[in-house]
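In case you want the letters, here they are:
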Amino acid sequence: MTATIPPTLTNNERLVLVKTTEVEDYVNQLADRLEENYKEYALRLSSNYDSDYSKKRFESIKNGTANLMRFVVTKGRKYFKITAHEYDTFQDRNEYKEGSVNCFVNKNTGEVYKPASYNAPHTKHVRYNLLDEDSRAECLLRADWAGGYLYLRWYNFFLSC
């Protein structure tokens, strides 16, 4: 949906209004993909060993009873933040604890950013745009739980210059 052109803008400069719910749906898809990627990683890791623990772990992952890492979307003022939550069993806590930030997504534009800190994105370079179909497909294809998909590749960097 496009907005009418305000008198201060020329015909070449148009404002495009995007529903936040559309971006939020794509952010939730990304979080689901990160969880699935972690599950695939845990299955590969457990299948590499022959110990009883590894076999039990593999079976619990396959049947869905394992407490795997979750990726939770938090809505902030300007960005969605996707954080990893790990299951903590230390001293019988048995609860999920918030861990590191995987990425930030601009609520209005759908731009995906690598985190600079726990509370702020690194906004110098946009990694992906979830509103662009091709960019979103590439993001979901490359998405990995450890965040490697957010690093700039040298060939992408030089192509954008």
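Residues numbered from 1 in each chain as written. Predicted model: local features only at pLDDT ≥ 70, side-chain atom pairs only at ≥ 80, totals over all residues. Heavy atoms only, no water.

A. Region of interest: the packing of aromatic side chains. Per the counting criterion, the structure on display carries seven aromatic pairs. Taking 5.1 Å as the distance between ring centres and 85° as the angle between the ring planes, the aromatic pair formed by Tyr 38 and Trp 145 counts as edge-to-face. Of this pair, Tyr 38 sits in helix H1 (residues 20–47) while Trp 145 sits in the loop between helix H3 (133–142) and helix H4 (154–160); the two residues are 107 residues apart in sequence, bridging distant segments of the chain. Centroid distance Tyr 128 to Tyr 149: 6.1 Å. Interplanar angle 25°. Geometry classified as stacked. Taken together, the residues Tyr 128 in strand S5 (residues 128–129) and Tyr 149 in the loop between H3 and H4 connect sequence positions 21 residues apart. Each member of the pair Tyr 128 and Tyr 149 is classed as buried. Among the aromatic residues, those joined into a ring-pair cluster are Tyr 38, Tyr 41 and Trp 145. (Phe/Tyr/Trp six-rings, centres within 6.5 Å; stacked < 30°, edge-to-face > 60°. Helix = DSSP H or I, 4+ residues; strand = E, 2+ residues; numbered from the N terminus. Buried < 20%, exposed > 50% of the residue type's maximum accessible area, 1.4 Å probe, protein only.)

B. Spotlight on unusual backbone geometry. You will see that Asp 92, though not glycine, has its phi angle at about 55°, which is positive. With respect to the element layout, Asp 92 can be found in the loop between strand S2 (79–88) and strand S3 (95–106). Asp 92 sits in the exposed class, given a relative accessible area of 66%.

C. How the structure looks around the layout of surface pockets. What the second largest pocket holds in volume is close to 210 Å³. Looking at the second largest pocket, it is lined by 15 residues, and the ones nearest its centre are Ser 100, Val 101, Asn 102, Trp 145 and Ala 146. Those elements that provide at least two residues to the lining of the second largest pocket are S2 and S3. In terms of residue count, S3 provides more of the lining of the second largest pocket than any other element does, four residues in total. A breakdown of the residues in the lining of the second largest pocket according to their chemical character gives nine nonpolar, four polar and two charged. (1 Å grid on protein atoms, 1.4 Å probe; cavity = no way out; pocket = protein on both sides within 12 Å on 5 of 7 lines; lining within 4 Å. Points joined across faces, edges and corners; volume = space filled by probe spheres on them. Nonpolar A, V, L, I, M, F, W, Y, C, P; charged D, E, K, R; others polar.)

D. A look at H3. Among the residues making up H3, those that are buried are Ser 135, Arg 136 and Cys 139. One side of H3 holds all its buried residues, which, seen down the axis, span an arc of 100°. In H3, the exposed residues that point more than 90 degrees away from the buried face are Glu 133, Asp 134 and Leu 141. (Arc of directions from axis to C-beta.)

E. Region of the structure containing the confidence of the model for the chain. On average, residues of the chain score 85 in pLDDT, and 83% of them are at 70 or above. Here H4 stands out as the least confident element of the chain, with mean pLDDT 54; strand S4 (residues 111–113) is the most confident, with 97. Note that residues 1–6 has pLDDT below 50 and, in this model, eleven contacts with residues that lie over four places away or in other chains. (pLDDT = per-residue confidence, 0-100. Contact = heavy atoms within 4.5 Å.)

F. Structural detail: the nonpolar core. If you look at the biggest cluster of nonpolar residues, it comprises 26 residues, and the most contacted ones within it are Leu 30, Phe 71, Ile 82, Cys 103, Val 105 and Tyr 149. Contributions of two or more residues to this core are made by H1, S2 and S3. Non-local contacts of Tyr 149, meaning those with residues more than four positions away in its chain, are made with Leu 30, Leu 34, Asn 102, Cys 103, Tyr 128, Cys 139, Arg 142, Ala 143 and Asp 144. (Core = buried A, V, L, I, M, F, W, Y, C linked by side-chain atoms within 4.5 Å.)

G. Spatial organisation of the environment of Cys 103. Position of Cys 103 relative to the elements: it lies in strand S3. In this structure Cys 103 touches Leu 30, Phe 80, Lys 81, Ile 82, Val 112, Tyr 113, Pro 115, Tyr 149 and Leu 150, once residues within four positions along its chain are discounted.

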